[in-house]
Amino acid sequence: MAAAPRSHDQLTKCSVCGCFVRISTTLPCKHNLCMKCVSKMTKGKGKKANPACPHCPKDQRQGQTIDELAETLGRDLILEDLVTEQHRKQEKTLTSASKPLTVTNRPAVFFDLETTGLGHHCHITQIGAVGPTGSYSTFVRPKKEIEEPAQKVTGITYDTKKCQMCHRGAPVLSLPLKEALERFLDFLGAEPVVLFGHNCKRFDCPVLFNAAKACGRLEDLQKKVAGFVDTLPLFREGHRGLKSYKQELLYEHYFQESYSSHDAAADALALERLVKAAGFSTELTEKNLFCFEDIRV
């Protein structure tokens, strides 16, 4: 039986494309799909076909017939009309600025990681980045248990038995570490970049280094990344006298508003906006530049 349509006042994130919609269908496995993704799944198939959930392991997949999906969603709905004004406002606030930042004539890419814990050998659970070519975000299946404090901060959980990752209660697509890193490297592009991260020298860079090494992709990462800039000491030196230099509090200080922190994708977008608003000099930025040899793992 098809799931009942959701109320137009509710906001649901599609588990496939990540769009926020007010009408979606929930499959028996609890994954939510928007109309556009359902259309892609059902294109060219008969009405009695049973398209399976793209998230679930093959032996656990449960689907609905195309007739049931059509009944739930209504094929004449336009996805763009279902995005709430609140989501549009948030997108506009955190949208990457059009003019790209460069350091030593290298493109700047802002990145953030969410992890299973606080040590350098913890596992990555989410990669977020934004640069001249756009943004990148993916959830990563860890092989270590996500520590309870990390679950509370990030809202990321992972059920190893069902092979299902959730973000703040909603099922999300996730990838094995090797595939997630390969896609991240592709996102960085052909030209070497400079990675910007907040407190990245002490945490994100060692974690990324160890993850790439474990997957046999460290050499590829070194070819793609010309250097790193830690924005924590950058802000401490460039804007002295602030009460706190935590990224979310810096954001509130500069823009008098908050954002969805401890989400790697949102953190990367927010950091880019912060650095561009701060207007650091080239000399100060390059002073805080470091390389792979400076990373302590």
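For the chain, an unreviewed UniProt entry supplies the name RING-type domain-containing protein and the organism Batillaria attramentaria. Quoted verbatim from the Cofactor (unreviewed entry) field of UniProt, the annotation for the chain is "Mg(2+)". Check the Sequence similarities (unreviewed entry) section of the UniProt entry for the chain; it says "Belongs to the exonuclease superfamily. TREX family."

## Description of the overall build of the chain
Counting its secondary structure elements, the chain contains eleven helices and 15 strands. In the chain, buried positions account for 46% of the 297 residues. The contacts of the chain with a sequence gap of at least 6 include a subset with a gap of at least 24, amounting to 62%. As displayed, the chain has an accessible area near 15,700 Å², and 50% of this comes from carbon and sulfur atoms.

## A short note on the sheet that holds strand 10 (residues 164-167)
Read from one edge to the other, the open sheet built from three strands follows the order 9-10-11, with strand pairing classed as antiparallel. The open sheet has two edge strands with one neighbour each: strand 9 (156-159) and strand 11 (170-172). The mean angle between the axes of side-by-side strands here comes to 35°, regardless of whether they run parallel or antiparallel. Summarising the sheet, strand 10 and strand 11 pair through three bridges and their orientation is antiparallel. The residue bridging M165 from the neighbouring strand is V172, located in strand 11.

## A look at the pairing of strand 13 (residues 193-197)
In terms of burial, strand 13 is largely enclosed, as five of its five residues are buried. Of the two faces of strand 13, the one lined by V193, L195 and G197 and the one lined by V194 and F196 are each fully buried. Pairing geometry for strand 6 (residues 106-115) and strand 13, over three bridges, is parallel. Within the sheet, the bridge partner assigned to F110 lies in strand 13 and is F196. Bridging between strand 13 and strand 14 (residues 225-230) involves five bridges; their strand directions are parallel. Across the sheet, the residue bridging to F196 is V229, located in strand 14.

## What about the pattern of salt bridges?
For the structure on display, the rule yields eight salt bridges. E219 is paired through a salt bridge with K223; the nearest N and O atoms lie 3.8 Å apart. Placement of both E219 and K223 in helix 7 (residues 218-224) is noted, with a separation of four residues, approximately one turn of the helix. Among the ionic pairs, K287 bridges to E237, the shortest N-O distance being 2.6 Å. On the criterion of sequence distance, the pair formed by K287 in helix 11 (residues 282-287) and E237 in helix 8 (residues 231-238) is long-range, its members being 50 residues apart. Overlapping salt bridges bring together E182, R217 and D220 as one network.

## Points about the nonpolar core
Core analysis: the largest hydrophobic core is formed by 34 residues, its most contacted members being I127, F184, L188 and L195. Not counting residues up to four positions away in its chain, the partners in contact with L195 are V109, F111, F184, L188, L208, V225, G227, F228 and V229. If you look at the next biggest cluster of nonpolar residues, it comprises 25 residues, including V103, V229, A268 and L284.

## Examining helix 9 (residues 247-255)
Along helix 9, the residues classified as buried are Q247, L250, Y251 and F255. Seen end-on, helix 9 carries its buried residues on one side only, within an arc spanning 105°. Backbone geometry just downstream of helix 9 places Q256 in the positive-phi region, at approximately 55°.

## Description of unusual backbone geometry
In this model, C163 sits at a positive phi of 55°, which is unusual for a non-glycine residue. Unusually for a residue other than glycine, H262 sits at a positive phi of about 65°. By secondary structure assignment, the location of H262 is in the loop between helix 9 and helix 10 (264-278).

## Some words on the side chain of D112
Inspection of the secondary structure assignment puts D112 in strand 6. There is no salt bridge for the buried D112, and the closest opposite charge comes from R168, which lies 9.4 Å off by N-O distance.

## Focus on the environment of S281
Mapped onto the secondary structure, S281 falls in the loop between helix 10 and helix 11. Classification of S281 as partly exposed rests on a relative accessible area of 35%. Here the alpha-carbon distance between S281 and G238, two residues 43 residues apart in the chain, equals 8.7 Å. A distance of 3.1 Å separates the side chain of S281 from the backbone nitrogen of L284, its partner in a polar contact.

## Observations concerning the packing of aromatic side chains
Going through the model one piece at a time under the given rule, you end up with ten aromatic pairs. Taking 6.2 Å as the distance between ring centres and 45° as the angle between the ring planes, the aromatic pair formed by Y254 and F255 counts as tilted. A relative accessible area of 17% means that F255 is categorised as buried. An aromatic cluster is built from F235, Y251, Y254, F255, Y259 and F280, whose rings are joined through pairwise contacts. The side chain of K201 reaches across the aromatic face of F290, ending 5.1 Å from its centre. Lying across the ring of F255, R273 places its NZ or CZ 3.8 Å from the centre.

Parameters at a glance
- Residues numbered from 1 in each chain as written.
- Predicted model: local features only at pLDDT ≥ 70, side-chain atom pairs only at ≥ 80, totals over all residues.
- Heavy atoms only, no water.
- UniProt positions renumbered as here; feature names shortened; annotations may be inferred.
- Helix = DSSP H or I, 4+ residues; strand = E, 2+ residues; numbered from the N terminus.
- Buried < 20%, exposed > 50% of the residue type's maximum accessible area, 1.4 Å probe, protein only.
- Contact = heavy atoms within 4.5 Å.
- Areas by Shrake-Rupley, 256 points an atom, 1.4 Å probe, with all protein chains shown as cover.
- Pairing = 2+ DSSP bridges.
- Axes fitted to C-alpha atoms, helices over the stretch in contact; angles between N-to-C directions.
- Salt bridge = Lys/Arg side-chain N within 4 Å of Asp/Glu carboxyl O.
- Core = buried A, V, L, I, M, F, W, Y, C linked by side-chain atoms within 4.5 Å.
- Arc of directions from axis to C-beta.
- Lys, Arg positive; Asp, Glu negative; His and termini not counted.
- Polar contact = N/O pair within 3.5 Å; in protein donor to acceptor, adjacent residues only side chain to side chain.
- Phe/Tyr/Trp six-rings, centres within 6.5 Å; stacked < 30°, edge-to-face > 60°.
- Lys NZ or Arg CZ within 6 Å of the ring centre and 35° of its normal.

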